[in-house]
Amino acid sequence: LSDKDIVNNAVNKLKIAFALSPHFYKSYYPKIGSAGPATTIDLISLSPSSGTTALVLDDETTSEHKQLLEYLHSEYSDASIHNSKNAVQLEQAIIAIRQLPPHKLPLVISKLEEYNSDQTTYVHYLTERKCELLRSKEFLHRVQSALEIKHNFFYKTLVTFVIQSFLKGFDEQFREYRDRFNALTMADEQAEVYHEYIDFVTEKMSDDIVIQTLGISHATCDERECQTDDCTAMENHRREVLRFAEINFFNAVFSSAFLPNGEAQKQKDSVFRESLLDLQHTADLNHTDIQIPAKYRYEAPWIPAQRHLALLPAFRSPTGKLGCIMDCVFTISKLLFIGAAGQSILDGQITDYSSVPGADDIMPVLIYVIIHANPPNLLSTIDFIDNFKPRAMPGQDQYTLMQFTSAVEFIKSMLHRVAP
């Protein structure tokens, strides 16, 4: 081989070898072209090992040449010990440097310096392009998020329009059920009429092609899945139809459904609410009947939970009012955990599952929240939900309603004990 081929071969082999050694790549390349001749670079100081295996070198081998070979040999030894695939490339680099005449080493380093300069410019170019791509990606992500929000809004609007159009087709039957309901005074008879109406809507819904295929138009729902009975999108649409049917029905019959006994029931709710107002003055965190554990008092008086109960009068359907109660209990559970866990961290303790509140921990706080929230018509609200709740109510909903009802009954017992 000619001297030119030997030099080019050494340059190419060193490029590969240096690329395989990140600590050398970061330390060696910046020193190329620094003050002083390129051949004065101390390669031994860059070696990762404290010592190197002795090499058999010719007498004509310069100090710089020897240092480079020692460094490559050290890297090769390390790669061989770890069975690295880099050992082959490092061995080829050692062979190329052995074949390189010592006086050609400055030329090799000069070519490496030129190569590094070109690579630096190219890396800078790639960095700028990557930044531009990241900015474009972020912009497209924001556009996509905005489109998804608009899509969901228009889709919900479409679903609402389709459901309302579907229910409007049965206005005559709706008026018949409404008149039958209003003509009754017994809650169990009214509930029977209401459930007959829901069964009627469910039957008609199963025969309506538009309602059955509504889920197929949803972008996130697979068409094959929408044609199955257990499709989540289809089931959500069925629930949405029944929710609208429930809201429309109780908007029309709310007075007779919520207060079937008229003024007598209003008076009962008014007396109970006034009693809670008096009880608020004594029902504090240290009340003997409530007994809230000290580690759960940090988020008192649990205003977010009280706000959910304050929303009860805004809903006219039993499901809507039940949702307020469930949100209240869930918020209490979350606040109790946050307060106990946060205080454990402040005290330098490790948070564990002992901070998770149980039913016995939630109950006294729920009693406190009900007393201080004091929503209007609370007794009628409980009777309303209990009379017209769905027949197939999830277990969690049933448990939450039972827990809330138990808390109200306990408050009644507190009032009886303090009554003159």
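One can find the structure itself at the top, above this paragraph.
Just so we're clear, the structure is a prediction, and the values are computed from it rather than from any experiment. (Residues numbered from 1 in each chain as written. Predicted model: local features only at pLDDT ≥ 70, side-chain atom pairs only at ≥ 80, totals over all residues. Heavy atoms only, no water.)

Engineer: Describe the layout of surface pockets, and please don't skip the residues or the numbers.
Structural biologist: There is about 600 Å³ of room inside the largest pocket. In terms of lining residues, the largest pocket is bounded by 20 residues, among which Arg-239, Leu-242, Glu-246, Thr-319 and Pro-390 are the most central. When residues of the lining of the largest pocket are traced back to their parent elements, those giving at least two are helix H7 (187–207), helix H10 (232–258) and helix H13 (318–346). At 6 residues, the largest contribution of residues to the lining of the largest pocket is made by H10. Of the residues that constitute the lining of the largest pocket, the class distribution is 9 nonpolar, 4 polar and 7 charged. (1 Å grid on protein atoms, 1.4 Å probe; cavity = no way out; pocket = protein on both sides within 12 Å on 5 of 7 lines; lining within 4 Å. Points joined across faces, edges and corners; volume = space filled by probe spheres on them. Helix = DSSP H or I, 4+ residues; strand = E, 2+ residues; numbered from the N terminus. Nonpolar A, V, L, I, M, F, W, Y, C, P; charged D, E, K, R; others polar.)

Engineer: Requested: an account of the nonpolar core, with residues and values cited.
Structural biologist: Within the largest apolar cluster, 39 residues are counted, with the highest numbers of intra-cluster contacts made by Trp-302, Ile-332, Ile-370, Phe-404 and Ile-411. In contact with Ile-332, not counting residues within four places along its chain, are Ala-305, Ile-362, Val-365, Leu-366 and Val-369. Counting residues in each nonpolar core, the second largest holds 31 residues, with Val-162, Phe-244, Ala-245 and Val-253 among its members. (Core = buried A, V, L, I, M, F, W, Y, C linked by side-chain atoms within 4.5 Å. Buried < 20%, exposed > 50% of the residue type's maximum accessible area, 1.4 Å probe, protein only. Contact = heavy atoms within 4.5 Å.)

Engineer: Explain the side chain of Glu-246 residue by residue, including any values.
Structural biologist: By secondary structure assignment, the location of Glu-246 is in helix H10. Here Glu-246 occupies a buried position and makes no salt bridge, while the nearest side chain of opposite charge, Arg-243, is found at 7.3 Å. The residues contacting Glu-246, other than those within four sequence positions of it, are Tyr-194, Ile-198, Ser-317, Pro-318 and Thr-319. (Lys, Arg positive; Asp, Glu negative; His and termini not counted. Salt bridge = Lys/Arg side-chain N within 4 Å of Asp/Glu carboxyl O.)

Engineer: An account of the side chain of Asp-397 is needed here, citing residue identities and associated values.
Structural biologist: Inspection of the secondary structure puts Asp-397 in helix H16 (residues 395–418). Although Asp-397 lies buried, it forms no salt bridge, and the closest oppositely charged side chain, Arg-239, sits 9.6 Å away as judged by the N-O distance. Other than its neighbours up to four places away in sequence, Asp-397 contacts Leu-322 and Met-326.

Engineer: Provide a residue-level description of the environment of Ala-183, including the pertinent values.
Structural biologist: With respect to the helices, strands and loops of the structure, Ala-183 is situated in the loop between helix H6 (171–182) and H7. Residue classification places Ala-183 among the exposed positions, given a relative accessible area of 63%. As a C-alpha pair, Ala-183 and Ser-256 span 73 residues in sequence and 9.0 Å in three-dimensional space.

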